[in-house]
Amino acid sequence: PLNIVMTGDPENPLALEVPLIITRSDVNITVSPSGTITLDGTGVVDPVTGDPIPNIVEVSGSNVTLDGINVINGQVDLITQPGGATQGVVLRNLVLHDAISDDCINLRDCTDCLIENVQAYRCFKKGLQLTGVTNITVRNVTIGIGDENAGPITCDADDTGDTTCMFGSNSPRAFVEIFKS
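Residues numbered from 1 in each chain as written. Predicted model: local features only at pLDDT ≥ 70, side-chain atom pairs only at ≥ 80, totals over all residues. Heavy atoms only, no water.

Draft legend 1. Region of interest: the pairing of strand 11 (residues 90–99). Where burial is concerned, most of strand 11 is hidden: 7 out of the 10 residues are buried. Direction of pairing for strand 7 (residues 64–67) relative to strand 11: parallel, over a ladder of 3 bridges. Within the sheet, the bridge partner assigned to Thr-65 lies in strand 11 and is Val-90. Note that strand 8 (residues 69–74) and strand 11 share 4 bridges and pair parallel. (Buried < 20%, exposed > 50% of the residue type's maximum accessible area, 1.4 Å probe, protein only. Helix = DSSP H or I, 4+ residues; strand = E, 2+ residues; numbered from the N terminus. Pairing = 2+ DSSP bridges.)

Written out as structure tokens, the structure reads:
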């Protein structure tokens, strides 16, 4: 396995280069203290086409953990799984915001995956888009409506279709969508 532990300084947070593309399996990236390292897509362009990069983080390997990273300012999805089945993806202790035209987290065909202690806001479409998933657990995920000051919705969900979200009378499906395989 590849274990990367990054220590950031709360007084001077670090910014990593994007996109972060994880194609191998058994990768663990942990930031301590949480939130002191940021992946920021502002102004990042593809060196060949000159177009803005679409996604900030792409995970196509299995048994991948991202823990304690801020991911912000993406043209499409902030964290995505571009295709092909994976298992054991863990997204924990993340702050995500400003997905300009799509979702904050978009996972497809993920088995035995965990999304825990995540704050997401200013996601153009959904905080979580989960398609073709099996045995996925969503715990303590807070999704802001519009922006961080508009009042959060907090969700817990699983792949049985049981979704519990608390925010007035709004439907949770507007913010979290889970489609089983």
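Now, onward.
Draft legend 2. Local environment of the side chain of Asp-98. If you trace the backbone, Asp-98 turns up in strand 11. In contact with Asp-98, other than residues within four places in its own chain, are Asn-73, Gly-74, Leu-78, Tyr-121 and Arg-122. (Contact = heavy atoms within 4.5 Å.)

Draft legend 3. Representation of the environment of Asp-98. For Asp-98, a relative accessible area of 16% puts it in the buried group. Taking the C-alpha atoms as reference points, Asp-98 and Leu-78, 20 residues apart in sequence, are found 8.2 Å from one another.

Draft legend 4. Representation of the pattern of salt bridges within the structure. All chains considered together, the criterion is met by 4 salt bridges. The salt bridge partner of Asp-67 is Arg-92, with a shortest N-O separation of 3.9 Å. In this pair, Asp-67 sits in strand 7 while Arg-92 sits in strand 11, placing the two residues 25 residues apart along the sequence. The class of Asp-67 is buried, set by a relative accessible area of 13%. By relative accessible area, which is 25% here, Arg-92 ends up partly exposed. Between Arg-92 and Glu-116 there is a salt bridge whose closest N-O contact spans 3.1 Å. Placement of Arg-92 in strand 11 and of Glu-116 in strand 13 (residues 110–123) is noted, with a sequence separation of 24 residues between them. A single network of salt bridges, built from pairs that share partners, joins Asp-67, Arg-92, Glu-116 and Arg-139. (Salt bridge = Lys/Arg side-chain N within 4 Å of Asp/Glu carboxyl O.)

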